[in-house]
Each structure stands twice: as structure tokens, then as C-alpha cells.
Amino acid sequence: MNTAPEGYDPHAFVPFAVTVDLAVFTVREARLHVLLVERGGEPYKGQWALPGGFILPRESAEEAARRELAEETGLTQPAVGGLHLEQLRTYTEPDRDPRMRVVSVAYAALLPDLPEPRGGGDAARAQWWEARDLGDLAFDHERILADAYDRIGAKLEYTCLATAFCTAEFTLGELQQVYETVWGVELDRPNFRRKVLATPGFVEAVEGSPRRTGGRGKPAALYRAGAAAALHPPLLRPEGRTE
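Read on for a plain summary of the structure. (Residues numbered from 1 in each chain as written. Predicted model: local features only at pLDDT ≥ 70, side-chain atom pairs only at ≥ 80, totals over all residues. Heavy atoms only, no water.)

### As for the packing of helix α3 (residues 141–158) against helix α4 (residues 172–183)
Relative orientation and spacing of two packed helices are given, respectively, by the angle between their axes and the distance between those axes. It is the contact of α3 with α4, at a shortest axis distance of 10 Å, that shows an interaxial angle of 140°. Put simply, α3 runs oblique to α4. For the pair α3 and α4, the crossing hand works out as left-handed. Facing α3, whose interface residues are Tyr149, Ile152, Gly153, Leu156 and Glu157, α4 presents Tyr179, Val182 and Trp183. Per-class residue counts for the contact of α3 with α4 are six nonpolar, one polar and one charged. (Axes fitted to C-alpha atoms, helices over the stretch in contact; angles between N-to-C directions. Helix = DSSP H or I, 4+ residues; strand = E, 2+ residues; numbered from the N terminus. Parallel < 35°, antiparallel > 145°, perpendicular 65-115°, else oblique. Left-handed = near helix turned anticlockwise from the far one by under 90°. Contact = heavy atoms within 4.5 Å. Nonpolar A, V, L, I, M, F, W, Y, C, P; charged D, E, K, R; others polar.)

See below:
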């Protein structure tokens, strides 16, 4: 057990808490959605906020984030343990929480095919919201959400992050839909397919698996995420082509 060194007085410092906040994104019905919870208690009772909570004494920030994610989504801890969770940044403004000084470590989570959320902890309920159709959020969660959205959009250009939105096996059409949904653009299908297949390690064909019916009734080959982490060359979003 750790003991305080001689001459150290912990009461000489103002106490503060450390929390985690989660910007949880998924694609539902070809639109980008984010998970929000309605706060069941003060402060900001009745307002919508990002899911999250206080870090327990014997857990790391990432452990707390995955625990909160499991509580809010209804997924099991083993399932949450295998999902993509990315630390966004730390928010330290002194007045961000009216209760006391609270430092928050924010994470972005990218998840495919999530069930309806159930809410947990001090949340009255949880709900998926379209990421572009949000009102005022509690605390500084609008800023956290905006930062997370910008980070994801940028990382789709240079990394294989888009496959985290897909199930274990997916079509190139489904992968393209992820890019179009997050970026808010329409991509040329043949050009997108050519770029994806020409990028080493981006995707791997699923040999011998059943084929899935595409949007035009044609069979569509299935792929899985490849071993690469970065895209060489990058898959840059087109300029001037938005919804």
C-alpha cells in the first residue's frame, strides 16, 4: 500500500474529481448517430449529455470508459473490450462542472450495429440522436462532441478507422456509406472501390463466404478489415461535394 511521504499534507490541495465522457458514434439508417443520456439528477437535471461518469479509485480512465459504455449500451464487458475506443483529449477548464473542480478524459467510440441504449447510473434514459440534429447539451459536452466529430472525419482520410463502423464482414458499399455518412458527401462508387482495393492492407476479401444482396439486386462480395492501420496513399474527402 502506498503511503504519503513525510511532510506531505494532502489537505493542502483543493480536491477535484476525474471523470470520463464518451462520444459514441454509430451509423443507423445511413445517418451518423451519437448516444446521449438524459440526466436524472442535478446538475442539469432533464438535459441531454454525453454518457460518462466518475473514475473509480482502482480503475484507469480507459477501464472507466469501457465500464460506462457497457452500462449505457447494454453490451457485455467482453463485447465492449473488443470495440474501438480512442482517447480524444483532456478537458480541464475550472468551471466546466458547477459541483466542484472536475477534469474529464474524453473518448470517442465507433461502433457498428448497436442495440437500443438502456441508460444507467444517474441517467434517466438514453437515446440515439442524429449527430447533426442536436440541441444544447449539459456541461461542455457540445464542445467535446464537436472535437470528436472533427477527429473522426480527419482520421478517415489517413487511417483504416472506417472499418470500426462496420460489422466483422461487410461490403464495399457499406464501407462507402460510412465515409459518405461521416463526411456528408457523395462519393463516386467505381472510384471509391478502386482506391480501397488498391490500398495495401485496407480490406481483405472473405473467401468462400455467402454473398450479400446489393442495393441493385446484384451479389456483393464480402470483405473484412485488413491488417493495415494507416492508408497509403490517404483517401481524401472531395471538396465542394456535400449533401
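Here the narrative resumes, following the displayed structure.
### Description of a nonpolar patch on the surface
A cluster of nonpolar residues, Phe16, Val18 and Met100, forms a patch on the protein surface that exposes about 250 Å² of accessible area. Its place among the elements puts Met100 in the loop between β5 (84–91) and β6 (102–110). (Patch = residues over 30% accessible without salt bridge, like charges linked within 9 Å, V, L, I, M, F, W, Y side chains within 5 Å. Areas by Shrake-Rupley, 256 points an atom, 1.4 Å probe, with all protein chains shown as cover. Salt bridge = Lys/Arg side-chain N within 4 Å of Asp/Glu carboxyl O.)

### A closer look at the environment of Leu137
Position of Leu137 among the secondary structure elements: in the loop between β7 (123–130) and α3. Its relative accessible area of 7% is what places Leu137 among the buried residues. Taking the C-alpha atoms as reference, Leu137 lies 9.9 Å from Val37; in sequence the two are 100 residues apart. Beyond its immediate chain neighbours, meaning those up to four positions away, Leu137 contacts Leu36, Gln47, Trp48, Glu142 and Leu145. (Buried < 20%, exposed > 50% of the residue type's maximum accessible area, 1.4 Å probe, protein only.)

### Regarding the packing of α4 against helix α5 (residues 189–198)
Between α4 and α5, the least distance of the axes is 11 Å, while the angle of their chain directions is 100°. Classified by the interaxial angle, the pair formed by α4 and α5 is roughly perpendicular. Of the residues in α5, those touching α4 at Leu172, Leu175, Gln176 and Tyr179 are Arg189, Phe192, Arg193, Val196 and Leu197. A breakdown of the residues in the contact of α4 with α5 according to their chemical character gives six nonpolar, one polar and two charged.

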